[in-house]
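Coordinates in review
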Amino acid sequence: MDRIIIRGGNRLSGRVPISGAKNAALTLMPCALLTDEPLMLRNLPRLADVDGFGHLLNELGASTQVAGARGAEFGRIMTLHAQRIASTVAPYDIVRKMRASILVLGPLLARAGEATVSLPGGCAIGNRPIDLHLRALEALGAHIEIAAGYVKATAPDGGLRGGQYRFPVVSVGATENVVMAAVLATGETVIDNAAREPEIADLCRCLVAMGAEIAGIGTERLTIQGKPRLHGATHEVMPDRIEAGSYACAAAITGGSLDLVGARSADMIAILDGLREAGVTATEIPDAIRIEAPTKLRALTISTAPFPAFPTDMQAQFMAMLALADGASVLTESIFENRYMHVPELARMGADILVQGRTAIVRGVDRLVGAEVMATDLRASMSLILAGLAAEGETRVHRIYHLDRGYERLEDKLAAVGAEIERAGGD
């Protein structure tokens, strides 16, 4: 199994191209199931999860053709074409590897009138039930059963119908699923307490380009007028705000300066606010956000929450950064109950972190030391990379397949701005 080897201590400096957003790409790809015409997605990141979702769509009858963007070192173009739905079953062998696979449920149900989808897998960061997905679809008339590890959903005679649903708690995935189902339902659908993440706004813009009618994009109330059919479109995947935030932390933890090329500050307000509170300078320049580290990072108090608050997907990276800050930082994880699995690995590198329930107290230390560490999930993997960049000596990060799910050509991007980093085969 591959591992990443880092010899830390280099100050990072230069320009880092920000890839298309993983979380947006995995939401946009199932839109292809909503039409019999081609959907072209530009700026699609080269990621294991994107490839895995492509295989799932192939199983359902969609073709996927990939081409590199002309003159671009990163990103690619994928044309997806589901001229007909060959199968309405999303099998366990594919779905178990990637939680985003549940997002074929709404589109299949809307277009084909039925869907059988294995209960999903993904990173083991805590309990992430899909009951909100199912309740929202039931509000559109769907009949749902769970049997033998599969969700079996059928639409009523005449297809899904518009309805009204208010989420009891904010759910990104459930919002995405019901939006994709509602665009082909008969009549009007109103979704209250909808998630407001930029990736959902990106999804809605793609659907509008395909002929959907959606009001309230970017707000907690979405009103959708169902259409009998959608058409093909071309859509550019938004830049990855979590990747951009991760590289911002890389600049901060190494005392460096990086230009995050293509990053959008409007998508990263809470992340940039946290960086600035820690003493980092974040400045918008014509094609990028420039991140410049202070002499010494300041401690922070942060609590994760749905957008526009601080994202749970940045908690691990900030923890690594704050391990070298001046003073004690307090991080509270309010989204997932098992998202501190990186703490013992950071401790192996000299970090001083105390976990009390959903709160972690990070007392800044003078230095981190390279060690053999094990990645446990996608964002935890990045926190170990960040710690390795700043640590004295050599760090070896094992089980890096998590990284390949969410960071496009990580080693190439970091090496280009001064990191001493390489990928090596397993023992």
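Residues numbered from 1 in each chain as written. Predicted model: local features only at pLDDT ≥ 70, side-chain atom pairs only at ≥ 80, totals over all residues. Heavy atoms only, no water.

When helices and strands are counted, the protein shows 14 helices and 24 strands. Relative to its length of 427 residues, the protein is compact, with a C-alpha radius of gyration of 21 Å against a globular reference of 22 Å. C-alpha extents for the protein along the principal axes are approximately 65 × 45 × 45 Å. Relative to its 427 residues, the protein shows a buried fraction of 56%. (Helix = DSSP H or I, 4+ residues; strand = E, 2+ residues; numbered from the N terminus. Rg over C-alpha atoms; globule rule 2.2 N^0.38 Å. Buried < 20%, exposed > 50% of the residue type's maximum accessible area, 1.4 Å probe, protein only.)

The next subject is the packing of aromatic side chains. Under the definition given, this model contains 2 aromatic pairs. A ring pair is formed by Y165 and F167, whose centres lie 5.0 Å apart and whose planes are at 85°; its orientation type is edge-to-face. An identical accessibility class is assigned to Y165 and F167; each is buried. Between the aromatic rings of F310 and F318, the centroid separation amounts to 4.8 Å while the plane-to-plane angle is 75°, which identifies the pairing as edge-to-face. (Phe/Tyr/Trp six-rings, centres within 6.5 Å; stacked < 30°, edge-to-face > 60°.)

This part is about the side chain of D267. In this structure, D267 sits in the loop between strand 15 (257-261) and helix 9 (269-277). There is a polar contact of 2.8 Å between the side chain of D267 and the side chain of R264. If sequence neighbours within four positions are ignored, D267 has contacts with P198, M238, R241 and F307. (Polar contact = N/O pair within 3.5 Å; in protein donor to acceptor, adjacent residues only side chain to side chain. Contact = heavy atoms within 4.5 Å.)

In the contact formed by helix 10 (residues 315-322) and helix 12 (residues 378-390), the axes pass within 8 Å of each other and the chain directions differ by 20°. The orientation of helix 10 with respect to helix 12, classified from their angle, is roughly parallel. Seen along the crossing, helix 10 lies across helix 12 with a hand that is right-handed. Contact residues: helix 10 offers A316, Q317 and A320, while helix 12 offers R379, A380, M382, S383, L386 and A387. Residue classes in the contact of helix 10 with helix 12 are distributed as 6 nonpolar, 2 polar and 1 charged. (Axes fitted to C-alpha atoms, helices over the stretch in contact; angles between N-to-C directions. Parallel < 35°, antiparallel > 145°, perpendicular 65-115°, else oblique. Left-handed = near helix turned anticlockwise from the far one by under 90°. Nonpolar A, V, L, I, M, F, W, Y, C, P; charged D, E, K, R; others polar.)

The next thing to look at is the UniProt feature "binding site: phosphoenolpyruvate" (unreviewed entry) in the protein. Taken from the UniProt record, the annotation "binding site: phosphoenolpyruvate" (unreviewed entry) applies to K22 and N23. Along the chain, the position of K22 falls in helix 1 (residues 22-28). For K22, a relative accessible area of 8% gives the class buried. Contact partners of K22, with chain neighbours within four places excluded, come to P45, L47, D49, D240, L378, R379, R405 and G406. Relative to the helices and strands, N23 resides in helix 1. If we ignore the near neighbours within four places in the chain, the residues touching N23 are E199, D313 and R379. (UniProt positions renumbered as here; feature names shortened; annotations may be inferred.)

Moving on to helix 7 (residues 198-209). For helix 7, which comprises 12 residues, the first-to-last C-alpha distance of 17 Å matches the rise-based estimate of 16 Å (1.5 Å per residue) to within 8%. Within helix 7, burial applies to P198, E199, I200, A201, D202, L203, C204, C206 and L207. Residues of helix 7 that are buried in the fold lie against helix 1, strand 3 (39-44), helix 6 (172-182), strand 12 (213-215), strand 14 (233-236) and helix 8 (241-253). Count one or two residues on from helix 7 and you reach G211, which has phi positive near 110°. (Expected span 1.5 Å × (residues − 1).)

Another point: the sheet that holds strand 3. Spatially, 4-5-3-14 is the arrangement adopted by the 4 strands of the open sheet, whose pairing is mixed. Edge positions in the sheet fall to strand 4 (63-68) and strand 14, since each has one partner strand and no second. For this sheet, the mean angle separating the axes of adjacent strands, direction not counted, is 20°. Contacts from helix 2 (residues 48-60) reach strand 3, strand 4 and strand 5 (76-81) within the one sheet, and its direction differs from that of strand 5 by about 15°. Taken strand by strand, helix 7 contacts strand 3 and strand 14, and its axis lies near 160° from that of strand 14. (Pairing = 2+ DSSP bridges.)

With that settled, consider the confidence of the model for the protein. In regions of low pLDDT, the predicted coordinates are not meant to be interpreted in detail. This prediction gives the protein a mean pLDDT of 93; 95% of its residues lie at or above 70. Low confidence marks residues 122-128, where pLDDT is under 50. Its contacts with residues over four positions away, or in another chain, come to 24 contacts. (pLDDT = per-residue confidence, 0-100.)

Moving on: the nonpolar core. V104 and L207 are the most contacted members of the largest nonpolar core, which totals 78 residues. Per-element accounting of this core gives the leading share, 6 residues, to helix 6. Setting aside chain neighbours within four positions, we find V104 in contact with P30, L33, F53, L56, L57, L60, A90 and V117. In terms of nonpolar packing, the next biggest core, distinct from the first, is built from 72 residues, I242, A250, L368 and A375 among them. (Core = buried A, V, L, I, M, F, W, Y, C linked by side-chain atoms within 4.5 Å.)

Turning our eyes to something else, we now look at the domain arrangement of the protein. Partitioning the protein into structural domains gives domain 1 (3-19 + 239-424) and domain 2 (22-236). Just the C-alpha atoms count here: the centres of domain 1 and domain 2 sit 30 Å apart. (Domains from an automatic or database assignment.)

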